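Geometric and topological summary
Next come the chains, spelled out residue by residue.
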Amino acid sequence: GDARAAVQALRDGVIGKVLAAKAINHQLRGPIGRELVSDPPAGVNYDLWLGPAPQRPFTKNRWHYNWHWFWDYGCGDLGNDGIHQLDVARWGLGVDYPKAAVSSGGQLFYDDDHETPDTQTIIYEYAQCHLIYEMRLFTPYALEGHDNGNVFYGTEGKMEIGRKGVIVTLKDGATRKIEGEGESNMANFLAAAQANDPARLNARIDLGSISADLCHLGNIGTRLGGVRLEYDPASGKITRCGGRETEANALLSRTYRAGYEPAYRG
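Report follows, based on the coordinates. (Residues numbered from 1 in each chain as written. Predicted model: local features only at pLDDT ≥ 70, side-chain atom pairs only at ≥ 80, totals over all residues. Heavy atoms only, no water.)

Quick look at helix α5 (residues 205–223)
- Over its 19 residues, α5 runs 27 Å from end to end, which matches the ideal 27 Å to within 8%, given 1.5 Å per residue.
- Inspection of α5 places I210, S211, L214, C215, L217, G218, N219, I220, G221 and T222 among the buried residues, and these make up the whole buried set.
- On its buried face, α5 sits against α3 (76–93), β2 (100–106), β3 (119–125), β9 (228–232), β10 (237–240) and α6 (245–250).
- Following α5 by one or two positions, G225 adopts a phi angle in the positive range, close to 95°. (Helix = DSSP H or I, 4+ residues; strand = E, 2+ residues; numbered from the N terminus. Expected span 1.5 Å × (residues − 1). Buried < 20%, exposed > 50% of the residue type's maximum accessible area, 1.4 Å probe, protein only. Contact = heavy atoms within 4.5 Å.)

Below, the structure is given as structure tokens:
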């Protein structure tokens with residue numbers, strides 16, 4: 001309810017023309033150390049667990065929650081936690097696919113089995129605004145007044161969305177809190193499922209896929225060492241990437257292990 005009220009307030013011009021937004025993922029995610037190769041737990045079909053992913057020796061760090069931090073299975077914390085803030089930022093700005101994405105990231109904190117970054121910055125360029133993703137997984141303290149959240153910057157002020165609610169601060173220093181009403185997202189989803197009516201959903205699933213695509217594009221740019229890339233959603237191809245288009249497009253999909261090929265390729 002609060003987020004929907006916040007987005008409506010942005011549409012109504014509460015902070016003027018919105019030119020930039022930050023999707024902020026800052027928290028402390030501790031190191032995972034290093035684990036030696038071992039046997040899978042008893043009763044586990046490790047081949048089935050791997051599915052289409054490459055065959056790798058089992059380690060406890062590739063298991064349960066820590067699979068998020070390996071490129072074979074996860075998207076790092078951008079696709080794990082950051083996507084929630086990225087989705088709200090995109091919703092508030094009223095945008096879908098950017099004209100370009102500029103990425104940088106790496107491990108400034110971890111020195112362990114992590115493959116994915118602990119620090120990442122991505123700028124999604126749109127014709128009329130910028131969406132900035134900031135991730136710092138070494139911060140056991142609040143930044144900009146909260147932990148994970150969003151900040152929208154307009155010509156008349158800013159809006160912050162976090163776990164403490166929605167706060168607008170205007171250029172004259174005046175502040176106000178925005179509160180919404182209505183059912184929670186979970187209640188909305190369950191009601192739509194029970195009614196078998198997708199039209200009842202607060203957010204269509206195809207809109208979620210756009211936010212997921214932005215995560216993938218940001219990670220591809222990071223994995224290539226920090227590049228600016230342009231993506232065409234109609235063709236599903238990265239069209240410009242500083243001469244590294246072939247390398248970049250190869251990261252848009254994967255080679256499926258024999259026996260786990262998808263039955264359908266859209």
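Past the structure itself, the notes keep going.
A short note on the packing of aromatic side chains
- A full pass over the atoms with the stated rule returns nine aromatic pairs.
- On the basis of an interplanar angle of 15° and a centroid distance of 5.9 Å, the ring pair of Y46 and W49 is categorised as stacked. Note that Y46 and W49 are positioned in helix α2 (residues 46–50) at a spacing of three residues, about one turn of the helix.
- With relative accessibility at 9%, the residue Y46 sits in the buried group.
- Ring plane angle 65° and centroid distance 5.4 Å describe the contact between F58 and W63, whose orientation is recorded as edge-to-face. (Phe/Tyr/Trp six-rings, centres within 6.5 Å; stacked < 30°, edge-to-face > 60°.)

Brief notes about the nonpolar core
- Y124, F152 and M159 are the most contacted members of the largest nonpolar core, which has 43 residues in total.
- Looking at which element gives the most residues to this core, the answer is α3, with six residues.
- Residue contacts for Y124: discarding those within four places in its chain leaves L86, P98, A100, A101, C129, H130, L131, Y133, L214, C215 and G218.
- Residues Y46, F58, W69 and Y73 belong to the second largest nonpolar core, which totals nine residues. (Core = buried A, V, L, I, M, F, W, Y, C linked by side-chain atoms within 4.5 Å.)

Side note on the packing of helix α1 (residues 2–11) against α3
- The contact between α1 and α3 brings their axes to 9 Å, and the two run at 35°. Packed against α1, whose contacting residues are A3, R4, V7, L10 and R11, the element α3 presents W91, G92 and L93 at the interface.
- When the residues that make up the contact of α1 with α3 are grouped by side-chain class, the tally is five nonpolar, one polar and two charged. (Axes fitted to C-alpha atoms, helices over the stretch in contact; angles between N-to-C directions. Nonpolar A, V, L, I, M, F, W, Y, C, P; charged D, E, K, R; others polar.)

Things to note about α3
- For α3, spanning 18 residues, the distance from its first C-alpha to its last is 24 Å, which sits close to the expected 26 Å at 1.5 Å a residue.
- Its maximal kink placed at G82, α3 deviates by approximately 65°.
- With 14 of 18 residues buried, α3 is to be regarded as a mostly interior element. (Bend = angle between axes of the 7 residues up to and from the residue.)

Focus: a nonpolar patch on the surface
- A surface patch of nonpolar side chains, about 320 Å² in accessible area, is lined by M186, F189 and L190.
- Tracing the backbone through its elements, the reader meets M186 in helix α4 (residues 185–195). (Patch = residues over 30% accessible without salt bridge, like charges linked within 9 Å, V, L, I, M, F, W, Y side chains within 5 Å. Areas by Shrake-Rupley, 256 points an atom, 1.4 Å probe, with all protein chains shown as cover. Salt bridge = Lys/Arg side-chain N within 4 Å of Asp/Glu carboxyl O.)

Some points on the sheet that holds β3
- An order of β8-β7-β6-β5-β1-β4-β3-β2-β9-β10 is seen for the 10 strands of this open sheet, with the pairing classed as mixed. In the strand order of this sheet, the two ends are held by β8 (175–178) and β10, each with one partner. Along the sheet, successive strands turn relative to each other by an average axial angle of 20°, direction set aside.
- With four bridges joining them, strand β7 (residues 165–170) and β8 adopt antiparallel strand pairing. Its bridge partner lying in β8, I167 is registered against K177.
- Set on the sheet, α5 makes contact with β2, β3, β9 and β10; between it and β3 the angle comes to about 120°. (Pairing = 2+ DSSP bridges.)

Topic: the pattern of salt bridges
- Per the stated rule, a full pass over the model turns up 17 salt bridges.
- Note that R257 is salt-bridged to D47, the shortest N-O span being 3.0 Å. Taken together, the residues span a long stretch of sequence, with R257 in the segment after α6 and D47 in helix α2 at a distance of 210 residues.
- Taking the relative accessible area as the measure of exposure, R257 reaches 16% and is therefore buried.
- Here E160 ties to K158 by a salt bridge, and the two come within 3.6 Å at their closest N and O atoms.
- Here the salt bridges do not stand alone but share partners, grouping R56, R62, D72 and E115 into one network.

Some points on the pairing of β9
- Pairing between β2 and β9: two bridges, direction antiparallel. Bridge assignment links V102 to a residue of β9, and that residue is R228.
- Looking at chain direction, β9 and β10 are connected through three bridges and run antiparallel. Opposite E230, over in β10, you have R240 as the bridge partner.
- A loop of four residues connects β9 with β10, the two strands running antiparallel in sequence, and G236 in this loop sits at a positive phi of about 70°.

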